[in-house]
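# Chains, contacts and geometry: an overview
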Amino acid sequence: MMSWGTELWDQYDNLSLHTQKGIDFLEKYGHFIRDRCAIEMEYAGKLRRLVKNYQPKKEEEDYQYSTCKAFKCVLDEVTDLAGQHEVIAENLQVFIIKEVTIFVKDFKEERKKHLQDGARMMNLLENQVIALERARKNYDKAYRESDKALEHYKRADADLELSRAEVEKQRINMAIKSQHCEDTKTEYANQLQRANEMQRQHYTQAMPEVFAQLQELDEKRVRNIRNFMVHSANIEKKVFPIINQCLDGIIKAADQINEKEDSALVIERYKSGFTPPGDIPFEDLSRGGESTPIAPAFPHLMGMRPEAATVRGTMSAGRLKRRVGLLGLFSSNKNNVGGFGSNGKDDFSNLPPSQRKKKLQQRIEEIQHSIQQESAAREGLIKMKGVYEDNPNLGDPHMIEGQLSETDSRLEKLRGELQKYQTYMEESEANSPAGMRKNSGGGGNNNVNSTSGSSGGVNGVQTQQQRVNVNGGSNNNRDERANSAGEEEESLSRSASDSSVHNNNHSKLNSSSTQLPNISLYQREEPDIGTSHTSLPESDPPEYFDLPPLGTAKALYPFEATSEGSIPMYDGEELYIIELDQGDGWTRVRRQTDSEEGFVPTSYIQTIALDNV
């Protein structure tokens, strides 16, 4: 392997310049990655803004079509794509830019140290060469003076006219000069030997070692640039599978587009329910008599503007002008169901039969859901009142009476609304054309007092099964509860003592005028009230739904349960926390051994960990 120390022994300045350029290049690469991160983040931000700008509004009903649903999935996948580009930028920032910055700093310091060592060694050699040159000059001067003194002595010794003392003086001077010449010669020889040795050490060991360290430093820089390039590419490659999944998700969303389903949705959305008109009779004017006006072919269109009776049928011309693009895909205007006017009328009589029945059915289901929530809240209040009566320390039972009165008033109002809309539905069924009555199963009764096995109503058996039983209980005693409010209250009170309460009752209680401690409103919400606690027989035991523990706690003191709803515990026992203290000084816990649940004083336990809060 070729070495800088042997091949470039005399290129100190060039190597110094080369290593500086190498470090500058590494720093430049770091700036490139930094700018790349900025571009990735900017691209991700623009993708997110794009998705936000095209995100559908909640009121846009067009998003029930498969094309619109697929487009919404595309928006979600584009959001994920933006997230992957952010991941690229973050990883480049952490694993490349940060490391490059550290290496640049270390390389600069190490290069400076090696160059300083080389400069120091070169200064030592240069000083030795200067000392050698000085010794050589001294020897040269002494040699000339010695040679001159010898020549003077020879001339004086040959001159017979000079005295013996004068000749002796020249001889002594010659001897001094000769000795000085020998001394400078010896010093010159020593300096020469020392200079040669230092020069040999300088060019064979000292500087080659410095150059080798500079070579290793430069090779390390090159190696790290290679690693940085590979690592940056791998960072981007790691997100490719996720990007491919996003693209596959877009393709999958596109595959879900079904033109037949969209066509059926258009029919469901805009179907008027009117029957096509019959033939217009021929009027023979030759028979005499006054001419009778021809009855309109579409009586329901008489009140509409002429331009509204278009091919669309159920959409006005003004509405068509506003629906630009693919079904108004990116429009912020809310689409009305049907085009026969606003829903300003309470009974929706201004809508076509099919659309009216659809609106009435939606309104009935909304009221039934509200009745379900109010009934569950009423049962929760009754149960809470019973708990307070059993343990007055937890609260005053008289506080519940006002809320019960308000709940009963709201229930009564909701039942009246339900009865009113059911009457509207019966009228709509009675006034439906014969063809539509046949398609809808004979226009059965939607009243909750009818049996659930009937397939009448607008949407047949499936809709009837999906509707919620308002008053609870079985099919046999549903009419009795609907006919007698007093019997219903008695049934609710009885079932309340044998059942649990939904979570949504808790939120409704908290929103009331009086804040009550959370005692027993902890049951999980059930999606179908038809199978809820109000339909359980009196003999059935209460059902409690296991909630996931919020954490664990440790008993600081023993506690003996003296009231209903509380459980005993011993000192040091570990318990699961099911419900936190709501300000009443009690915490609901569950045993780890037998899963028994109940309330214990908050001050008697120490919370160890809270996991799901």
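Here the structure is a predicted model, which means the values were calculated and not measured.

## Comments concerning the confidence of the model for the protein
Overall, the predicted model of the protein reaches an average pLDDT of 74, with 71% of residues at or above 70. The spread of mean pLDDT over the elements of the protein runs between helix H10 (residues 460-466), the lowest at 34, and helix H2 (residues 12-54), the highest at 94. Overall, residues 295-343 carries pLDDT values under 50, and its contacts beyond four positions in sequence, including any with other chains, amount to 75 contacts. Throughout residues 434-545 the model reports pLDDT below 50, and contacts reaching past four residues in sequence, or to other chains, amount to 203 contacts.

## Some thoughts on helix H4 (residues 164-255)
A turn of α-helix holds 3.6 residues, and therefore any two residues three or four places apart point the same way. For H4, which comprises 92 residues, the first-to-last C-alpha distance of 133 Å matches the rise-based estimate of 136 Å (1.5 Å per residue) to within 8%. The largest bend along H4 measures about 50° and falls at His202.

## Things to note about unusual backbone geometry
With the exception of glycine, the majority of residues adopt a negative phi angle, and the majority of peptide bonds are in the trans configuration. Positive phi, close to 60°, is recorded for Ser595, a residue that is not glycine. Along the polypeptide, Ser595 turns up in the loop between strand S3 (586-591) and strand S4 (597-601). Residue classification places Ser595 among the partly exposed residues on the basis of a relative accessible area of 49%.

## Thoughts on the pattern of salt bridges
Two side chains bearing opposite charge may form a pair once their charged atoms approach each other closely. Taken as a whole, this structure holds 24 salt bridges when the rule is applied. Residues Arg221 and Asp218 are paired through a salt bridge, measuring 3.0 Å at the closest nitrogen-oxygen approach. Placement of the pair is Arg221 and Asp218 together in helix H4, with a separation of 3 residues, close to one helical turn. Each member of the pair Arg221 and Asp218 is classed as buried. The partner of Arg378 in a salt bridge is Asp408, with the nearest N and O atoms 2.5 Å apart. With Arg378 in helix H7 (residues 353-390) and Asp408 in helix H8 (residues 398-430), this pair connects stretches of sequence that are 30 residues apart. Residue classification places Asp408 among the partly exposed residues on the basis of a relative accessible area of 25%. Sharing partners across several salt bridges, the network here consists of Glu573, Arg591, Asp594 and Glu596.

Cut-offs applied
- In every chain, residue numbers begin from 1 and rise along the written sequence.
- Local features in this predicted model are restricted to residues whose pLDDT is 70 or higher, and side-chain atom pairs enter the listing and the counts only when it is 80 or higher, whereas totals over whole chains, interfaces and linings include all residues.
- Side-chain numbers here rest on the full set of heavy atoms in the structure, without hydrogens or water.
- For every residue, the predictor reports its confidence as pLDDT, a number between 0 and 100.
- Runs of H or I in DSSP of at least four residues are treated as helices and runs of E of at least two as strands, each being numbered from the N terminus.
- Any two residues whose heavy atoms approach within 4.5 Å at even a single point are treated as in contact.
- By this rule, a helix spans an expected 1.5 Å times one less than how many residues it contains.
- Here the bend at a residue is taken as the angle between two axes, fitted respectively to the seven residues that end there and the seven that start there.
- In this scheme, a residue with accessible area under 20% of its type's maximum is buried, one over 50% is exposed, and one in between is partly exposed, where area comes from a 1.4 Å probe on protein chains only.
- Throughout this description, the term salt bridge denotes a Lys or Arg side-chain nitrogen within 4 Å of a carboxyl oxygen of Asp or Glu.

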